Amino acid sequence: MDFFSTATLHSRKPADLIVIPFWKGSKHAEEAAEAASFAKLLAEPLGTADFKGAEGELLVHYISGQPEKRIALLGLGVQAELTVEKLRRSYAHVTKKCRKLKLKTLNIAMPKCTAMAEQDVVRGLSEGLLLPNYAFSDLKHDTLKDGKPVLLENATILGATKSEIALANKCATICESVDFARDLINGNADDITPQYLAAVARGLEKSCRHVKTTIFDKKRIEKEKMGLLLAVNRGSFRDPAFIIVEYKGNPKSSDRTVIVGKGITYDTGGLILKPRGSMETMKHDMAGAAAVLGTIQAIATLELPINVIALVPSTENSTGSKSYKPGDVYKSYAGKTVEVMDTDAEGRLVLADALAYAVKNLKPSRLIDLATLTGSIVVALGEEATGLMSNNDAVADLVVTAGSETGDRVWRMPMYEDYKEQLKSDVADIKNIGGRSAGSITAALFLQEFVDKCPWAHLDIAGTSFLTEAKRYNPKHATGVGVRLLVSFLESLA
Ligand code: BES
Ligand code: ZN
Ligand code: ZN
């Protein structure tokens with residue numbers, strides 16, 4: 001069943017809670033709800049002036065004689081200053097409150113706002129409700145004993161038109177794919193292996209129309225001579241996988257976007273082992289892979305009229321007697337040789353082979369890669385924005401726009417040639433690390449060596465894909481960053 005439906009104020013069915021939007025500075029509830037009955041119900045809480053309608057302010061009040069037992073006043077701030085992002089952040093408070101009170105069903109009065117298109121209001125409201133409506137409890141026994149975490153099951157938007165509800169449910173579909181990505185990232189690294197990711201990719205072929213999945217196993221990867229993916233894989237007892245998922249939503253067009261996701265299912269650092277404290281979260285080193293698979297799921301479910309191919313080079317970066325060695329030189333799929341100075345800079349190695357594969361075989365109109373690539377980007381931008389590096393202003397601008405529209409914010413970094421000095425090798429064509437400075441940029445410049453002249457954007461999601469604490473509408477740990485961003489970016493091309 002769809003998450004969102006519509007009704008009028010008078011035809012509404014029972015629900016656990018009714019949510020009334022409230023603008024800062026307005027005096028009466030009916031201005032927001034257009035319902036005199038609410039004004040009476042709310043006279044008391046509003047009369048105290050405790051509630052001001054500030055952005056995200058939430059007041060729950062118990063009522064009788066209504067289809068709901070509870071009413072919530074939700075502050076949306078000053079009407080003229082409303083943005084989609086403010087709506088997301090405000091409605092996220094509703095979901096969090098419902099989680100605490102174990103409420104499942106909502107009636108929501110549609111905010112009437114002259115400052116913003118109704119479509120945008122619906123987008124912000126539905127994403128704000130759904131993005132925090134997530135729990136990962138697969139690995140937790142105790143919570144299961146107390147009863148599973150309660151999530152919202154449906155919401156009725158009072159006064160919404162049919163097309164607004166269709167849009168809200170489209171947002172819900174995309175949010176399901178965000179959750180799909182989150183589940184892959186939050187799962188144990190020993191469960192979410194390269195072979196598991198391959199099986200998930202095969203599942204997309206089964207569950208979605210116009211999707212074709214191809215998996216290269218180790219033998220095929222050897223035959224293709226993907227020397228860098230194989231080098232990283234050497235220390236792992238698990239085989240690598242090279243995953244290709246093609247979605248053809250517009251077969252008549254030759255335009256196609258290739259999206260590449262880093263699929264390191266666990267990053268120990270390799271022989272240059274990560275120190276204590278730096279390894280515990282490294283199951284999320286496949287967040288790029290999760291994002292591109294989630295994106296395919298979303299666009300294929302929505303049957304968007306575009307062509308997209310997702311590539312995932314996947315392996316663990318482990319240690320073992322066969323591990324690849326600092327100081328040794330390995331030959332890439334593209335033919336360039338790489339002096340491996342640091343086995344912990346493995347992401348750029350597997351991505352280099354995937355990018356080169358795309359350029360050589362897939363005729364991409366544009367290439368986008370997503371990767372938890374560097375600690376440096378976390379130093380530069382923290383958890384607040386994804387780092388963007390690109391060789392093409394038009395593509396970069398579209399990505400930045402998609403970022404500000406979705407709240408998956410991105411910030412572009414410079415790619416001056418001068419930084420490339422750092423990657424010079426005495427024995428090979430290139431080194432896999434630079435010096436201490438500008439680490440995210442030198443990583444991107446390394447990747448750029450493998451994309452030829454193809455319009456390309458690299459998104460470093462090391463800081464935005466996995467949070468130490470729940471923040472705004474994102475839960476603790478996996479955020480699913482990149483799914484909404486890519487869907488919006490791809491839609492802007494169509
Ligand atoms: N997977 C890490 C990057 C990372 C760090 C992701 C923190 C998420 C949070 C990557 O493979 C890595 O180890 N990069 C090194 C590169 C260095 C050796 C040049 C880093 O950033 O320290
Ligand atoms: Zn690493
Ligand atoms: Zn890594």
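Note that the structure is a prediction, hence the values are computed from the model and not measured.

A. Representation of the pairing of strand E10 (residues 263-267) within the structure. Counting buried residues in E10 gives four out of five residues, a clear majority hidden from the surface. Here three bridges tie E10 to strand E11 (residues 307-317), and the two strands are oriented parallel to one another. The partner of Ile264 across the bridge, within E11, is Thr315.

B. Region of the structure containing the coordination of the zinc ion (ligand 3). Distances from the zinc ion (ligand 3) to its protein donors, namely Lys262 (NZ), Asp267 (OD), Asp285 (OD) and Glu346 (OE), fall within the range 2.0 to 2.4 Å. Metal-centred angles of 77 to 173 degrees between the six donor atoms at the zinc ion (ligand 3) mark the site as octahedral. Counting along the primary sequence, the residues that act as donors to the zinc ion (ligand 3) give the motif K-x4-D-x17-D-x60-E. Between the zinc ion (ligand 3) and the zinc ion (ligand 2), a spacing of 3.2 Å is present, and a bridge between the two is formed by Asp267. Of the two residues, Asp267 sits in strand E10 while Glu346 sits in the loop between strand E13 (337-339) and helix H11 (347-361), which places them 79 residues apart along the sequence. Given a relative accessible area of 0%, Glu346 falls into the buried group.

C. Representation of the site of ligand 1. The immediate surroundings of ligand 1 are formed by 16 residues, with Lys274, Asp285, Asp344, Glu346 and Gly375 found nearest. In this structure, an oxygen atom belonging to ligand 1 sits 2.8 Å away from a side-chain N or O atom of Asp344. Isolated, ligand 1 exposes 520 Å² of accessible area, and the fraction of that covered by the protein chains is 77%. Of the residues contributing to the shell around ligand 1, the split by class is four nonpolar, four polar and eight charged.

D. Structural context of the sheet that holds strand E1 (residues 4-7). In spatial order, the strands read E1-E6-E5-E2-E4-E3; together these six strands make up an open sheet with mixed pairing. Edge positions in the sheet fall to E1 and strand E3 (58-62), since each of these pairs with one other strand and no more. Taken pair by pair, the neighbouring strands of this sheet meet at an average axis angle of 25 degrees, ignoring direction. Of the strands in this sheet, E1, strand E5 (105-109) and strand E6 (154-158) touch helix H4 (residues 118-130), which is tilted by about 130 degrees from E1. Its contacts with the sheet put helix H6 (residues 162-186) on E1 and E6, and the angle it makes with E1 is roughly 160 degrees.

E. Layout of the environment of Asp426. Mapping Asp426 onto the fold places it in the loop between strand E16 (410-412) and strand E17 (430-431). Remark: the alpha-carbon pair of Asp426 and Glu339, spanning 87 residues in sequence, is separated by 8.8 Å.

F. Seen up close, the nonpolar core. One finds Phe4, Tyr91, Leu106, Leu293 and Ile368 to be the most contacted residues of the largest nonpolar core, which totals 92 residues. A total of eleven residues in this core trace back to one element, the largest contributor, which is H6. With residues up to four places along the chain from it excluded, the contact list for Leu293 reads Phe180, Leu184, Leu197, Val200, Ala201, Leu204, Val245 and Val312.

G. Structural detail: the coordination of the zinc ion (ligand 2). Ligation of the zinc ion (ligand 2) by protein atoms is provided by Asp267 (OD), Asp344 (O), Asp344 (OD) and Glu346 (OE), these donors lying 2.0 to 2.2 Å from the ion. Geometry at the zinc ion (ligand 2) is irregular, judged from its six donor atoms and the angles of 73 to 170 degrees they form at the metal.

H. View of the side chain of His284. Tracing the chain through its elements places His284 in the loop between E10 and helix H10 (287-301). Classification of His284 as buried rests on a relative accessible area of 6%. Only 2.5 Å separates the side chain of His284 from the backbone oxygen of Thr281, close enough to count as a polar contact. With near-sequence residues (within four places) excluded, His284 lies in contact with Ile185, Thr372, Ala462, Ser465 and Phe466.

I. Here's a closer look at the pattern of salt bridges. One pass over the full model with this rule turns up 29 salt bridges. Across the salt bridge formed by Lys170 and Glu491, the nearest N and O atoms sit 2.5 Å from each other. Taken together, the residues span a long stretch of sequence, with Lys170 in helix H6 and Glu491 in helix H15 (residues 483-493) at a distance of 321 residues. Residue Glu383 pairs with Lys471 through a salt bridge whose shortest N-O separation is 3.2 Å. Here Lys471 lies in the loop between strand E19 (466-467) and strand E20 (477-478) and Glu383 lies in the loop between helix H12 (375-381) and strand E15 (386-390), a separation of 88 residues in the sequence. Lys471 gets classed as partly exposed once you look at its relative accessible area, which sits at 28%.

J. Focus on the packing of aromatic side chains. The final tally for this structure, using the stated rule, is nine aromatic pairs. Pairwise contacts between aromatic rings join Phe216, Phe242, Tyr333 and Tyr357 into one cluster. Seen from the ring of Phe216, Arg220 lies directly overhead, with NZ or CZ sitting 4.0 Å from the centre. One Lys or Arg, Lys336, reaches over the ring of Phe450 and ends 5.7 Å from the middle of that ring.

So, how was this worked out
- Here the residue index of a chain counts from 1 through its sequence in written order.
- Going through the entries in the order they are written, you letter the chains from A and number the ligands from 1.
- The model is predicted, so local features are restricted to residues of pLDDT at least 70 and side-chain atom pairs to those at 80 or more, both for listing and for counting; the totals for chains, interfaces and linings are taken over all residues.
- Hydrogens and water are ignored here; the side-chain numbers use all heavy atoms of the structure.
- Buried means the residue's accessible area, taken with a 1.4 Å probe over protein chains only, is under 20% of the maximum for its type, while exposed means over 50%, and partly exposed covers the values in between.
- Each helix is a run of DSSP H or I of at least 4 residues and each strand a run of E of at least 2, with the numbering of both proceeding from the N terminus.
- Strand pairing is defined by DSSP finding a minimum of two bridges between the two strands.
- Sodium, potassium and calcium take a 3.2 Å donor cutoff, other metals 2.8 Å, and in both cases only N, O and S atoms count; water is not among them, so sites may look incomplete.
- Only four donors with every angle between 85 and 135 degrees are called tetrahedral; only four or six donors with opposite donors over 155 degrees apart and all others between 65 and 115 are called square planar or octahedral, in that order; all others are irregular.
- Here a residue is near a molecule or strand as soon as one of its heavy atoms is found within 4 Å of it.
- Contacts described as polar in this section are N or O atom pairs within 3.5 Å, which, within protein, must combine one atom able to donate a hydrogen with one able to accept it, while residues neighboring in sequence count only if both atoms come from side chains.
- Method for areas: the Shrake-Rupley scheme with a 1.4 Å probe, in which residue coverage is limited to the protein chains shown.
- Gly is put with the polar residues, along with every residue not named as nonpolar or charged; the nonpolar set is Ala, Val, Leu, Ile, Met, Phe, Trp, Tyr, Cys and Pro, and the charged set is Asp, Glu, Lys and Arg.
- Angles here are taken between N-to-C directions and fall from 0 to 180 degrees, while the axes themselves are lines fitted to C-alpha atoms, restricted in helices to the stretch in contact.
- The criterion used for residue contact is that any of the two residues' heavy atoms lie within 4.5 Å.
- The criterion is simple. A nonpolar core is a set of buried Ala, Val, Leu, Ile, Met, Phe, Trp, Tyr and Cys residues joined through side-chain atoms within 4.5 Å.
- When a carboxyl oxygen of Asp or Glu lies within 4 Å of a side-chain nitrogen of Lys or Arg, that pair is called a salt bridge.
- Aromatic contacts are taken between Phe, Tyr and Trp rings whose centres are within 6.5 Å, Trp giving its six-membered ring; a plane angle under 30 degrees counts as stacked, one over 60 as edge-to-face, and the others as tilted.
- For a Lys NZ or an Arg CZ to count as sitting over a ring, it must be within 6 Å of the ring centre and within 35 degrees of the ring normal.

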